[in-house]
Amino acid sequence: MKGKSSDCYVAVVGAGPYGLSSATYLRAAGVETRVFGEPMAFWEKQMPAGMYLRSHPSASHIADPNQELTLDAYCRQNGNRVPKPIPLECFIDYGRWYQSRAVRDLERRNVLNIDLDPRGFKVVMADGEEFTSRRVVVAGGISPFAARPAEFAAVPSALASHTSEHNDLREFKGQRVVVIGAGQSALESAALLKEAGVQVEVIARKKTLTWVGLHPKLHHLGVISKMLYSTRDVGPAGISRLVAMPILFRTLPRRIQDRTAYRAIRPAGSGWLRPRIAGVPITLGRKVVSCVVAGSQLRLRLDDGTERIVDHALLATGFRVDVSRYPFLSQSLLRQLETVAGFPVLKRGLESSIPGLHFLGKPAAWSFGPLLGFVSGAEFASNELVRSITRRNGNN
Ligand SMILES: Cc1cc2nc3c(=O)[nH]c(=O)nc-3n(C[C@H](O)[C@H](O)[C@H](O)COP(=O)(O)OP(=O)(O)OC[C@H]3O[C@@H](n4cnc5c(N)ncnc54)[C@H](O)[C@@H]3O)c2cc1C
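Definitions and cut-offs
As a convention, each chain's residues are numbered from 1 in the sequence order in which they are written. Thresholds applied to this predicted model are a pLDDT of at least 70 for local features of residues and 80 or more for the giving and counting of side-chain atom pairs; totals over whole chains, interfaces and linings are not thresholded and use all residues. Just so you know, side-chain values use all the structure's heavy atoms and leave hydrogens and water out. Each helix is a run of H or I in the DSSP string that is no shorter than four residues. Each strand is a run of E no shorter than two, and both are numbered from the N terminus. Every radius of gyration here is taken over C-alpha atoms, with the globule rule written as 2.2 Å times N^0.38, N being the number of residues. Each residue is assigned to one of three classes by its accessible area relative to the maximum for its type, calculated with a 1.4 Å probe on protein chains only: buried under 20%, partly exposed between the two thresholds, exposed over 50%. Contacts are residue-level and defined by heavy atoms, with any inter-residue pair within 4.5 Å sufficient. All accessible areas in this document rest on Shrake-Rupley with a 1.4 Å probe, and a residue is counted as covered only by the protein chains that are shown. For this purpose, a residue is taken to be near a molecule or strand whenever a single non-hydrogen atom of the residue falls within 4 Å of it. Under the rule applied, a polar contact is a pair of N or O atoms within 3.5 Å (in protein, one hydrogen donor and one hydrogen acceptor; residues adjacent in sequence only if both atoms are side-chain atoms). A patch is a set of surface residues, each over 30% in relative accessible area and not in a salt bridge, joined within 9 Å for like charges and within 5 Å for the nonpolar side chains Val, Leu, Ile, Met, Phe, Trp and Tyr. Any carboxyl oxygen of Asp or Glu that lies within 4 Å of a side-chain nitrogen of Lys or Arg is treated as forming a salt bridge with it.

A.B. asks: Help me get a handle on the overall build of the protein chain, residues and values and all.
C.D. replies: In terms of regular secondary structure, the protein chain is built from 12 helices and 18 strands. Whereas a compact globule of 396 residues would reach a radius of gyration of roughly 21 Å, the protein chain reaches 22 Å, a difference of no more than 12%. Going through the 396 residues of the protein chain one by one, you find that 50% of them count as buried. Pairs at least 24 residues apart make up 66% of the contacts formed inside the protein chain by residues separated by at least 6 positions. Counting every atom, the protein chain has about 18100 Å² of accessible surface; 52% of that belongs to carbon and sulfur.

Below, the structure is given as structure tokens:
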């Protein structure tokens, strides 16, 4: 690849739901676009086999401008109905099917570095190719943002690892594992570990577990349900409608945005997980205060003075956005990027303080609300991106 160069108008970094969707919209609008990344890599390599999506099928389509590449269309062509909940493997296959139809020329290579250039951006690929792009769309996902609590900072990952470091929890068979956290990932990991014959306990700071989807009737009340819930499926009744309108959401006072966002995505488990974790010990309202390596095991001390000796601690402690952790953004570019608490500050078109640099997916959530952390936000993001790019440039 070294030496060969093909400059472009837009370079999309990432081939998950946001990268694939935005590239499809851009090309449909006639914008010359190159797209990089392994398709659905995060879902395949960093989520556990046997997992189910928490989002409803209506919120799990990867948006395309003609609404032809829906999850329903994918299942229909295989002679199936859309399963509910959606198995992880089905969603990964769907994403690859989408890519094979809409982004056939996806370049399955990694971007090494992006820097400012008089003509836009200089992009350096891991295999040595260099080119310039007038605009860059970062759709790199949340992988670099895995949050590891301070108490576990010094513990080797062989003994304490983040959930995103695993794609098969059966590797813990026969061991004693604690899961830290109380959200969907923690509770589903506990279920998968139990089913794999692991002795598992869940420990969380929350005093009670929250379950969602326990009142399915609320979704079958016709017009009333439509008024309460958006098909985007982010947040509870009422809030679901508000967060589905990111342009309105961002006009709310910041305090209300923050509170509403927390309410929409607070740690909770899907109701269908409840029977699967029956019998798993769950210690709530407790925090791990120290963590010491003891031979091949870990000794955890909780804030009630009790101890646990385990083979492994699985940290289902979520993700904290900090775009400076994207390894491909150069230091000089990051110095010019306006951020708040690790999130880029974005204007319409999901464009950052650096003209021509756009961020999609979870990093856009500070500016456009929690919808952007979910697959169902890709339609808004892609439309917004295309609208701003084509309008400003008289269509490329
Ligand atoms: C356990 C778990 C369960 C979830 N369940 C749901 C759910 O049910 N519904 C839902 O809507 N959301 C769910 N999410 C959130 C989900 O991660 C996002 O909705 C979705 O992944 C966002 O898509 P994305 O395209 O922004 O990122 P990703 O899907 O993470 O894609 C990122 C892409 O960037 C590529 N990339 C990264 N770095 C580079 C580089 N240097 N060069 C080239 N390419 C690069 C990767 O290879 C990948 O293709 C879940 C998250 C987790 C952790």
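A.B. asks: So, the site of the ligand: which residues are in play, and what are the values?
C.D. replies: Looking at the ligand, there are 29 residues lining it, with Tyr18, Glu38, Ser55, Val111 and Val375 nearest. The separation between an oxygen atom of the ligand and a polar main-chain atom of Gly373 is 3.3 Å. Computed on the free molecule, the ligand has an accessible area of 980 Å², of which 87% lies beneath the protein chains in the complex. Only helix 1 (17–28) and helix 2 (41–45) provide two or more residues apiece to the shell around the ligand.

A.B. asks: Got a sec to walk through a nonpolar patch on the surface? Specific residues and values, please.
C.D. replies: On the surface, Leu218, Leu221 and Ile224 cluster together into a nonpolar patch covering about 250 Å² of accessible area. Along the chain, Ile224 falls in helix 6 (residues 223–228). By relative accessible area, Ile224 is classed as partly exposed at 49%.

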